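Report on the structure
Residue-level listing of the chains:
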Amino acid sequence: MPDATIPDRFIRVIDHIDSHLESVPGVKVLAGIAAYSPYHFHRQFAALFDIPVAQYVRLMRLRRAAHALAFRTNQQIIEIAFQAGYETPEAFARAFRKIHDQSPTDFRAAPDWENWQAPYDKLRTVRARSNRMTTPSVGDIAVIDFPRTRTICLDHHGPQAHLGHTIRRFIDWRRAHHLPPSKAATFNIIWCHPDDTPPADFRFGLGVATPNRLTADDANMGLYELMLPAMRCAKLRHIGSDQMIGDSALRLYRDWLPQSSETPGDFPLFFQRVSFYPDVPDHEAITDIFLPLAS
């Protein structure tokens, strides 16, 4: 849940850093945004978020770099290094290895999917405390008629920690079939709740809207056709980090559904990805959450 005790001026600092990762201004400028003396800004930031501001900036940059290395395989490592604020690939490689115990090149070739998000757990706390838009009001939820939509899907089966591997396979397949997110809508099917599902039974669907037909090679890869039916849905737009998307989904079930007189339909919760991290800053990523309703 967002923390109302965090002053708005420090939330503005977080937003400014997140929006300017390639060229984060110095402490004097950040302190000015917070209307604090530079002498006291460091201590206050660390007291509020339990992380020094320099470490926050470094982790945010390296997290975005890790996502780019894993899922934007057509982007050159030197470009990722510059976007992470490092003047040379060597400096970037040293910093990245310190966090991931892999060089950027080795990580791209074979990411340690089991542990690749662990170095950034501290950022989840900052995001939860600072993002006031993470948990929208019930009035932000609308009932809409979702159109029948044909998709091609690839399911991830197994521990959630390994989901990144399936995501990369799906991205590579989409790239090979000329189905970029700018032209073909992206969906996630939430077949089960990870907290209530044994890791071996976890299932998560990755889908793309397309009229294309599957080939035998596609089917051998595990891809299949899935028709999203025409249905009434409660729709909630989540703006911000995936780290907090569960809070938004919870609002649909916990707060909106009991007072709506609606009944869930016979189809799982699903997401439509409108804009993606790391292509946009983490706090600007957009995901539409759909809760199917009975007719």
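All of these numbers come straight from a predicted model, not from anything done at the bench. (Residues numbered from 1 in each chain as written. Predicted model: local features only at pLDDT ≥ 70, side-chain atom pairs only at ≥ 80, totals over all residues. Heavy atoms only, no water.)

1. Thoughts on the overall build of the protein
We count it as follows: For helices the rule is a DSSP run of H or I covering at least 4 residues; for strands it is a run of E covering at least 2, with both sets numbered from the N terminus onward. The globule rule used here is 2.2 Å times the number of residues to the 0.38 power, and the radius of gyration it is set against is calculated over C-alpha atoms. Relative accessible area decides the class of each residue, using a 1.4 Å probe on protein chains only: under 20% of the type maximum gives buried, over 50% gives exposed, and in between gives partly exposed. Note on areas: Shrake-Rupley with a 1.4 Å probe; residue coverage comes only from the protein chains shown. For the purpose of charge, His is not counted, nor are the chain termini; Lys and Arg are scored as positive and Asp and Glu as negative. Charge positions are represented by NZ for Lys, CZ for Arg, CG for Asp and CD for Glu.
In terms of regular secondary structure, the protein is built from 11 helices and 8 strands. For the protein, whose C-alpha radius of gyration is 20 Å, the value lies close to the compact-globule estimate of 19 Å for 295 residues. Projected onto its principal axes, the C-alpha positions of the protein cover 60 × 45 × 35 Å. Residues counted as buried form 47% of the 295 residues belonging to the protein. Per element, the accessible surface of the protein, about 14400 Å² overall, is 53% carbon and sulfur. Across the protein, the centroid of the 33 positively charged side chains sits 5 Å from that of the 33 negatively charged ones.

2. Structural notes on the UniProt feature "domain: HTH araC/xylS-type" (unreviewed entry) in the protein
Here is the rule we go by: UniProt positions are given in the numbering used here, feature names are shortened, and annotations may be inferred rather than shown by experiment.
Per the UniProt record, "domain: HTH araC/xylS-type" (unreviewed entry) is found at residues 11-110. Secondary structure content for residues 11-110 is 72% helix and 0% strand, and the end C-alpha separation is 36 Å.

3. Here we look at helix α1 (residues 8-19)
Residues three or four positions apart in an α-helix share a direction because the helix packs 3.6 residues into each turn. For the record, the criterion: Expected helix span is taken as 1.5 Å per residue step, with the number of steps being one fewer than the number of residues. What the arc measures is the spread of directions leading from the helix axis to the C-beta atoms. Residue contacts are counted whenever heavy atoms from the two residues lie within 4.5 Å of one another.
The terminal C-alpha atoms of α1 lie 16 Å apart, and with 12 residues this matches the ideal 16 Å at 1.5 Å per residue to within 8%. Those residues of α1 lying buried are Phe-10, Ile-11, Val-13, Ile-14, Ile-17 and Asp-18. Considered in projection along α1, the buried side chains sweep an arc of 150° and stay on one side of the axis. Lining the buried residues of α1 we find α2 (27-33), α3 (38-49), α4 (53-71) and α8 (121-130).

4. Description of helix α11 (residues 245-260)
Using the following cut-off: We define the bend at any residue as the angle between the axes fitted to the seven residues before and including it, ending there, and the seven starting there.
For α11, with 16 residues, the first-to-last C-alpha span of 21 Å sits near the 22 Å given by 1.5 Å per residue. Taken as a whole, α11 carries its principal kink of about 30° at Arg-251. Among the residues of α11, those classed as buried are Ile-245, Ser-248, Ala-249, Arg-251, Leu-252, Asp-255, Trp-256, Leu-257 and Ser-260. Where α11 is buried, its residues meet β1 (142-146), β6 (231-239), β7 (270-275) and β8 (286-292). Downstream of α11 by a residue or two, Ser-261 has a phi angle that is positive, lying close to 65°.

5. Regarding the domain arrangement of the protein
Counted only if it meets this: Domain extents, as shown, originate in an automatic or database domain assignment. We define buried area as the total accessible area lost by two parts upon association, computed with a 1.4 Å probe and summed across both. Throughout this description, the term salt bridge denotes a Lys or Arg side-chain nitrogen within 4 Å of a carboxyl oxygen of Asp or Glu. Pairing of N or O atoms within 3.5 Å defines a polar contact, subject to two protein rules: one partner must be a possible hydrogen donor and the other a possible acceptor, and residues neighboring in sequence count only if both atoms are side-chain atoms.
In terms of domains, the protein is made up of domain 1 (6-131) and domain 2 (139-292). If you average the C-alpha positions of domain 1 and of domain 2, the two centres end up 27 Å apart. Facing 26 residues of domain 1, the contacting portion of domain 2 comprises 22 residues. Interface area, domain 1 with domain 2, both sides summed: about 2100 Å², of which 49% is carbon and sulfur. Summed over the shared surface of domain 1 and domain 2, the number is 3 salt bridges. Among the ionic pairs, Asp-282 bridges to Arg-63, the shortest N-O distance being 2.9 Å. On inspection of domain 1 and its partner domain 2, the count reaches 9 residue pairs in polar contact (both at pLDDT 80 or more). Secondary-structure elements contributing two or more residues to the side of domain 1 that touches domain 2 are α1, α4, α7 (104-109) and α8. Broken down by element, the side of domain 1 that touches domain 2 gets its largest block of residues, 8 residues, from α4.

6. Some words on the sheet that holds strand β3 (residues 186-189)
The pairing of strands in a sheet comes from backbone hydrogen bonds and takes either a parallel or an antiparallel form. The condition is simple: The criterion for strand pairing is that DSSP finds at least two bridges linking the strands in question. Note on geometry: axes are C-alpha line fits, over the in-contact stretch for helices, and angles between N-to-C directions span 0 to 180 degrees.
If you trace the 8 strands from one edge of the open sheet to the other, you get β1-β6-β8-β7-β3-β4-β2-β5, paired in antiparallel fashion. The open sheet terminates on both sides in strands that have one partner only, identified here as β1 and β5 (223-228). Between one strand axis and the next, the sheet turns by 35° as a mean value, whatever way the strands run. With 4 bridges connecting them, β3 and β7 associate as antiparallel partners. Along β7, the bridge assignment pairs Thr-186 with Arg-273. Helix α9 (residues 163-176) contacts β2 (149-157), β3, β4 (203-209) and β5 of the sheet and is inclined by roughly 15° relative to β4. Here α11 sits on the sheet and contacts β1, β6, β7 and β8; the angle it forms with β8, its principal contact strand, is near 35°.

7. Observations concerning the environment of His-177
With respect to the helices and strands, His-177 occurs in the loop between α9 and β3. Residues His-177 and Asn-212 lie 35 residues apart in sequence; the distance between their C-alpha atoms is 9.2 Å. In this view, His-177 contacts Asn-212 and Asp-218; residues no more than four positions away in its chain are not counted. Within the local environment of His-177, its side chain forms a polar contact with the backbone oxygen of Trp-173, the two atoms lying 2.9 Å apart.

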